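# Geometric and topological summary
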Amino acid sequence: MVIGTNLLIVCLYVDDLLVTESNEREIEEFKKKMMKEFEMSDIGLLFLFFGIEFKTLEICTVMHQTKYATDLLKKFNMFKCNSTITPTETRLVLEKERTKELINPTYFKQIVGSLKYLCNTRLDLGFSVGLKSRFMEIPKRPYLLAIKRIMWHVKWTLYYRILFPKGSHNSEV
């Protein structure tokens, strides 16, 4: 929704509404209009949405999934695992027919699905998780080891965050 010359972004999911804009006065105007039309309450600044945590500071907003990543490592008994700086082994080759040692497909799919959700704030994982997810149909031991390597990387980068600086920024489209 465009109000004046600024862009107001509204994200709606079931009964939750996120509103963001560079101008706080315009956000307040929008919220007042919505409250006149609908029964709703303002819970203030965003701090948690779909397991994604937000911390608003004076100079920036920080977005992360540290708790989710920690819970993920604990769920799959990997919280005390070793860590690694890269999510994928260099020159890794995964082939569909190389080995016959099958693993529990439900377990494999749960890990991959959980890692896919972590990619919302961890863009460094996107390629590796996408590559390994191609093997979900008939998962085998080498694929599980490759997925565990990603989990080791999650442990290494547990406290990674995305920073959104505040202030006016000139950008050209």
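Whatever comes next refers back to the structure up there.
Presented here is an overview of the structure given in this document. (Residues numbered from 1 in each chain as written. Predicted model: local features only at pLDDT ≥ 70, side-chain atom pairs only at ≥ 80, totals over all residues. Heavy atoms only, no water.)

## Things to note about the overall build of the protein chain
- Per the secondary structure count, the protein chain includes five helices and eight strands.
- Shown N-terminal to C-terminal, the secondary structure of the protein chain runs as helices and strands in the order β-β-β-β-α-β-β-β-α-α-α-α-β.
- Here the protein chain has a C-alpha radius of gyration of 21 Å; the compact-globule value for 173 residues is 16 Å, and the former is much larger.
- Along the first, second and third principal axes, the C-alpha set of the protein chain runs to 60 × 35 × 35 Å.
- For the protein chain, the residues scored as buried account for 32% of the 173 residues in total.
- Long-range contacts, defined as pairs at least 24 residues apart, comprise 69% of the intrachain contacts of the protein chain with a sequence gap of at least 6.
- Surface exposure of the protein chain reaches about 12,300 Å², of which carbon and sulfur atoms provide 56%.
- Charge-centre separation for the protein chain: the mean point of 26 positive side chains lies 12 Å from the mean point of 20 negative side chains. (Helix = DSSP H or I, 4+ residues; strand = E, 2+ residues; numbered from the N terminus. Rg over C-alpha atoms; globule rule 2.2 N^0.38 Å. Buried < 20%, exposed > 50% of the residue type's maximum accessible area, 1.4 Å probe, protein only. Contact = heavy atoms within 4.5 Å. Areas by Shrake-Rupley, 256 points an atom, 1.4 Å probe, with all protein chains shown as cover. Lys, Arg positive; Asp, Glu negative; His and termini not counted. Charge placed at Lys NZ, Arg CZ, Asp CG, Glu CD.)

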